[in-house]
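Residue-level structure breakdown
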Amino acid sequence: MVRPGIDFPGFGCGLAIMRDGKLLLCKRLKAPEAGHWNIVGGKVDHMERSELAARREAEEESGLSIRSTRFLCLSEQLIEADRQHWISMIYVTDDFAGEPQLTEPDKLSDIGWYDLDALPQPLSRFAADAVRAIRAQTKALAGAV
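The protein chain carries the name ADP-ribose pyrophosphatase YjhB (NUDIX family) in an unreviewed UniProt entry, which gives Ensifer adhaerens as its organism.

This is the structure we're talking about:
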């Protein structure tokens, strides 16, 4: 059986969830990048749109109800330590309902809101790409005003 991300590049998705200038992060228990802080996300299933997959993964991992999302960036992760290769569509939202909960304790050990200037370490490559894109958008919007 072939495995995405290991036997061929996998196609993933993620959702950067923002509230009051803070980013929701969760700590991974499993590879790739076990022990790293990550945005919610996962694998895109066959015939599933990546935006819907990001919403589904976010709801499964956080217990939040996601309303709308918008495209943030594309991320390619070559994770040598885990011998994994992923290409991921990352979306962003501040349009959701509920409070985050640790709904998958077999996959995640912690979840919480973090200020962009005080992020826990280490960040996954996936989360680092999302943070860079959020900062770039924030800077571009500040310059446009």
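This part is about the layout of surface pockets. By volume, the largest pocket is sized at about 620 Å³. In terms of lining residues, the largest pocket is bounded by 29 residues, among which Arg28, Ala31, Pro32, Gly42 and Lys43 are the most central. Per-class residue counts for the lining of the largest pocket are 11 nonpolar, 8 polar and 10 charged.

This part is about the pattern of salt bridges. Scanning the model with the defined rule gives 11 salt bridges in all. Here Glu99 and Arg19 are joined by a salt bridge, their closest N and O atoms 3.0 Å apart. Remark: Arg19 occurs in strand β1 (residues 10-19) and Glu99 occurs in the loop between β6 (84-97) and β7 (108-115); sequence separation between them is 80 residues. Taking the relative accessible area as the measure of exposure, Arg19 reaches 27% and is therefore partly exposed. The shortest N-O distance in the salt bridge between Asp45 and Lys43 comes to 3.0 Å. Asp45 gets classed as partly exposed once you look at its relative accessible area, which sits at 35%. What you see here is one network of salt bridges that share partners, running through Lys43, Asp45, Glu48, Arg56, Glu57 and Glu60.

Quick look at the packing of aromatic side chains now. The geometry of an aromatic ring pair is captured by the separation of the ring centres together with the interplanar angle, meaning the angle of the planes. Counted by the stated rule, this structure contains 3 aromatic pairs. Ring centres 5.3 Å apart and planes at 65° place the aromatic pair Trp37 and Tyr114 in the edge-to-face group. Linking Trp37 in strand β3 (residues 37-38) with Tyr114 in strand β7, this pair joins segments that are 77 residues apart in sequence. A relative accessible area of 7% places Trp37 in the buried class. Measuring from centroid to centroid gives 5.8 Å for Phe96 and Trp113, while their planes differ by 25°, and the two rings are stacked. Taken together, the residues Phe96 in strand β6 and Trp113 in strand β7 connect sequence positions 17 residues apart.

Moving on to the environment of Gly63. The topology assignment puts Gly63 in the loop between α1 (50-62) and β5 (65-79). Taking the C-alpha atoms as reference points, Gly63 and Pro100, separated by 37 residues in sequence, lie 5.8 Å from one another. Beyond its immediate stretch of four places on either side in the chain, Gly63 contacts Ala58 and Thr103.

On to helix α2 (residues 125-144), then. If you check α2, its first and last C-alpha atoms are 29 Å apart, about what 20 residues at 1.5 Å a residue would give, namely 28 Å. Within α2, burial applies to Phe126, Ala127, Ala128, Asp129, Ala130, Val131, Ala133 and Ile134. Looking at the buried residues of α2, the elements they touch are β1, β2 (22-28), β3, β4 (40-43), β5 and β6.

Quick notes on the rules
- Each chain carries its own residue numbering, running from 1 in the direction its sequence is written.
- Local features in this predicted model are restricted to residues whose pLDDT is 70 or higher, and side-chain atom pairs enter the listing and the counts only when it is 80 or higher, whereas totals over whole chains, interfaces and linings include all residues.
- Side-chain numbers here rest on the full set of heavy atoms in the structure, without hydrogens or water.
- Points on a 1 Å grid over protein atoms alone make up a cavity when a 1.4 Å probe fits among them but cannot get out, and a pocket when they form an open set with protein on both sides within 12 Å along at least five of seven lines; lining residues each have an atom within 4 Å of a point.
- Grid points are joined across faces, edges and corners, and a volume is the space filled by probe spheres set on the points.
- Residue polarity follows a fixed list, in which Ala, Val, Leu, Ile, Met, Phe, Trp, Tyr, Cys and Pro are nonpolar, Asp, Glu, Lys and Arg are charged, and the others, Gly among them, are polar.
- By convention in these notes, a salt bridge is any Lys or Arg side-chain nitrogen within 4 Å of a carboxyl oxygen on Asp or Glu.
- To qualify as a helix, a DSSP run of H or I must reach at least 4 residues; to qualify as a strand, a run of E must reach at least 2; elements of each kind are numbered from the N terminus.
- Three exposure classes are used, based on accessible area relative to the maximum for each residue type with a 1.4 Å probe and protein chains only: buried under 20%, partly exposed in between, and exposed over 50%.
- Ring geometry is summarised as follows: Phe, Tyr and Trp rings, the Trp one being its six-membered ring, pair when their centres sit within 6.5 Å, and such pairs are stacked at plane angles under 30 degrees, edge-to-face over 60 and tilted between the two.
- Contact between two residues is taken to exist if any of their heavy atoms lie within 4.5 Å; hydrogens are not considered.
- The span expected for a helix works out to 1.5 Å for each residue beyond the first.

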